[in-house]
Amino acid sequence: MYASKMCPIWPLHLIILYIVAICPMWVLCQAAPNYLAKFLSETVEIHMGEYYYVNVSVTGSDLQVGDTLSLVTENEHIATGKWNSSYQLTDLDVNRGSFEGRMRVDGHFLGRTELVVEANRGTAQYVANGTLPITVTRPQRVIDTIFTTSVAVFVSLIFINFGCAMHWPTVKGVLKRPIGPAIGMCGQFLFMPLISFGLGFLIFPNSPAMRLGMFFTGVSPGGGASNIWTFILGGNLNLSLAMTTISTLASFAFMPAWLFSLGQVVFANANIVVPYMRIATFVAGLIIPLMIGLAMQKLTPRVAAFMVRILKGFSTTLLLFIIIFAIVTNLYIFELFSWEIVVAGMCIPWLGYAAGYVGARLLRQSHEDALAISVEIGIQNTGIAIFLLRYALPQPEADLTTVVPVSVAIMTPVPNTIIYIIQKVMACRGCKPSETEMPTKKCWKTTSNQFPRPLSPASSLPLMSNKQEENWSSSS
């Protein structure tokens, strides 16, 4: 009653105020040009460092001479667009009601982005309707093939060396009393998948693809580098070789079980394909060189002794080669590193090391056996994880998520390197070689020309027959 006395046109004044408020907005909308950008290509897929030309047509109901068109991408780090022709409207464009142009799309880095046409009239800017999806992928390079081939050759040679140093009776003893392999299997195919699954949700709560990268790394079998590090650090090499073989064979059953159970929870829409052929190739690449080395122990003992003599130096050189070459050929991937990626790369192997060693010692395993178990659990076959990701995800997501196993591969040797340096420093301060350094005769002066016999089959020393030792001593 009071409101009607104060305002004679109540409640019509509310409608009038609403109309007055929206009139300026309506005028501005009428003044804004209505542009529509049509691209000849529905999408663009290019490699990093390459470019692609696309024709574009811009139409509108209010084209004016002097309007300029610019190309804007959602993420300029991934790709950018640049006109290959005039981008200012002329009388001809206005008369025919459209602008016909040609632009160049440059791919800079892996990923997906979208390109839009932006119209500029004076100080005002208007985004034209219509977008161009852009996908940038990594090209297959010759250097990648060279790296893969060279690593395969060198790893085969190192496993021939392992076969020369392998003591088959000790391996059979390990298989008859498989406490160490049983601990390794529980750690490799129970602890590692579960910890990678949980950490994936903790570190990457909003990125299913990155979680999949972590999980695929966690379910992979042990890597061949575990045997090299076990030997270098003085662990039980025979136990390590047996565990790697058993772990790789067991992965034929355990990997599908994890991938089709928790793997579907991580990324329900992933088209997961278990790479049986790749795993089989890895098994063959592991067993065949070992058999060659074992045969050399019997057929060519002098050559086998020489192979054992250079084993430590060759192993160290191989590790340095793989690390340096991998970094040089994949420098681009470091642009993807963030604190989450670094933490993920540290957690998977380092927690595996800790769990393996603590668990083995609690079960009363020797230091040498515990060291071998720890290294075997902590080092994953990141090559299989990368292979799985490239089957399960489209490009460029496949390459983008491989940053997780790559980070794991980079962070894996950090604790081992620190331990190795500490061992060397302690040996230098003690002025005498450690047991595992004696066969190499490197950087040490001894008072005798005779090499000591191995004290225990648990050591990573080459366990050879008396005849082999005589041949070795005479050759040295």
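Residues numbered from 1 in each chain as written. Predicted model: local features only at pLDDT ≥ 70, side-chain atom pairs only at ≥ 80, totals over all residues. Heavy atoms only, no water.

Engineer: Would you take a moment to explain the overall build of the protein chain for this structure?
Structural biologist: When its secondary structure is counted, the protein chain shows 20 helices and eight strands. By residue count, 47% of the 476 residues in the protein chain fall in the buried class. If you take every contact in the protein chain between residues at least 6 apart in sequence, the share linking residues at least 24 apart comes to 77%. (Helix = DSSP H or I, 4+ residues; strand = E, 2+ residues; numbered from the N terminus. Buried < 20%, exposed > 50% of the residue type's maximum accessible area, 1.4 Å probe, protein only. Contact = heavy atoms within 4.5 Å.)

Engineer: Would you take a moment to explain helix α8 (residues 225-233) for this structure?
Structural biologist: Residues separated by three or four positions in an α-helix point in the same direction, a consequence of the helix having 3.6 residues per turn. When you tally the buried positions in α8, you get eight out of nine residues, the bulk of the element. At the C-terminal side of α8, G234 shows a positive phi close to 90 degrees.

Engineer: Looking at this structure, how should I read helix α6 (residues 179-203)?
Structural biologist: An ideal rise of 1.5 Å per residue puts 36 Å on 25 residues; α6 measures up with 34 Å between its terminal C-alpha atoms. The largest bend along α6 measures about 30 degrees and falls at F191, with the proline P193 one to four residues further on. (Expected span 1.5 Å × (residues − 1). Bend = angle between axes of the 7 residues up to and from the residue.)

Engineer: Sorry, what's going on with the pairing of strand β7 (residues 111-121) here?
Structural biologist: Remember that side chains alternate between the two faces of the sheet whenever the strand is regular. With nine of eleven residues buried, β7 is to be regarded as a mostly interior element. Here six bridges tie strand β4 (residues 68-73) to β7, and the two strands are oriented antiparallel to one another. If you follow T68 over to β7, its bridge partner there is N120. (Pairing = 2+ DSSP bridges.)

Engineer: Explain the packing of helix α14 (residues 339-362) against helix α15 (residues 367-378) here, please?
Structural biologist: Pairs of packed helices are described in terms of their axes, by the angle between the two and the distance that separates them. Across the interface, α14 lies against α15 with an axial gap of 7 Å and an inter-helix angle of 150 degrees. Of the possible angle classes, the one that applies to α14 and α15 is roughly antiparallel. You can see that α14 and α15 cross each other, and the crossing is right-handed. In this structure, α14 contributes P349, G352, Y353, G356, Y357, A360 and R361 to the contact, and α15 contributes H367, A370, L371, I373, S374, V375, I377 and G378. (Axes fitted to C-alpha atoms, helices over the stretch in contact; angles between N-to-C directions. Parallel < 35°, antiparallel > 145°, perpendicular 65-115°, else oblique. Left-handed = near helix turned anticlockwise from the far one by under 90°.)

Engineer: Even after reading the chapter, I still don't get the packing of α6 against helix α9 (residues 237-259), so can you show me in this structure?
Structural biologist: At their nearest, the axes of α6 and α9 sit 10 Å apart, and the two run at 40 degrees to each other. One way to sum up the angle between α6 and α9 is to call them oblique. Considering only the axes of α6 and α9, their crossing is right-handed. In this structure, α6 uses G180, P181, G184, M185, Q188, F189, L190, P193 and L194 to contact α9, whose residues at the interface are L239, M243, I246, S247, A250, S251, F254 and W258. When the residues that make up the contact of α6 with α9 are grouped by side-chain class, the tally is twelve nonpolar, five polar and no charged. (Nonpolar A, V, L, I, M, F, W, Y, C, P; charged D, E, K, R; others polar.)

Engineer: Looking at this model, I keep getting lost on the packing of aromatic side chains. Mind explaining?
Structural biologist: The description of two aromatic rings rests on the distance between their centres and on the angle between their planes. One pass over the structure, following the stated rule, counts six aromatic pairs. When the centroid spacing of 5.7 Å and the interplanar angle of 80 degrees are considered together, the rings of Y51 and Y53 count as edge-to-face. Looking at Y51, the relative accessible area reads 48%, which means it is partly exposed. Geometry around Y51 places R104 over its ring, the cationic atom sitting 4.7 Å from the centre. One residue, R211, lies across the ring of F201, its end atom 4.3 Å from the ring centre. (Phe/Tyr/Trp six-rings, centres within 6.5 Å; stacked < 30°, edge-to-face > 60°. Lys NZ or Arg CZ within 6 Å of the ring centre and 35° of its normal.)

Engineer: Sorry if this is basic, but what is going on with the environment of L336 here?
Structural biologist: Here L336 is to be found in the loop between α13 (311-329) and α14. Through-space distance from the C-alpha of L336 to that of L110 is 9.4 Å; in sequence the pair is 226 residues apart. Setting aside chain neighbours within four positions, we find L336 in contact with F109, I341, L400 and V403.

Engineer: Teacher, can you tell me more about the side chain of S226 here?
Structural biologist: By the element assignment, S226 lies in helix α8. Non-local contacts of S226, meaning those with residues more than four positions away in its chain, are made with S240, T244, V375, E376 and I379.

Engineer: What is the right way to read the nonpolar core from this model?
Structural biologist: The nonpolar side chains of a soluble globular protein tend to be buried with one another. Ranked by size, the top nonpolar core spans 54 residues in total, and within it F39, L69, M103, V117 and L132 carry the most contacts. Here this core gets five residues from one element, more than from any other, and that element is α14. Look past the residues within four positions of L132 in its chain and what remains in contact with it is F39, S41, E42, T43, V44, V54, M103, V105, T113, E114 and L115. Ranked by size, the runner-up nonpolar core spans 18 residues in total, among them F162, F231, L237 and Y420. (Core = buried A, V, L, I, M, F, W, Y, C linked by side-chain atoms within 4.5 Å.)

Engineer: Explain unusual backbone geometry to me, please; I cannot follow it from the model alone.
Structural biologist: Generally, phi is negative for residues other than glycine and the peptide bonds are trans, each holding for most cases. Phi at R364 is positive, roughly 65 degrees, even though this residue is not glycine. Within the secondary structure layout, R364 lies in the loop between α14 and α15.

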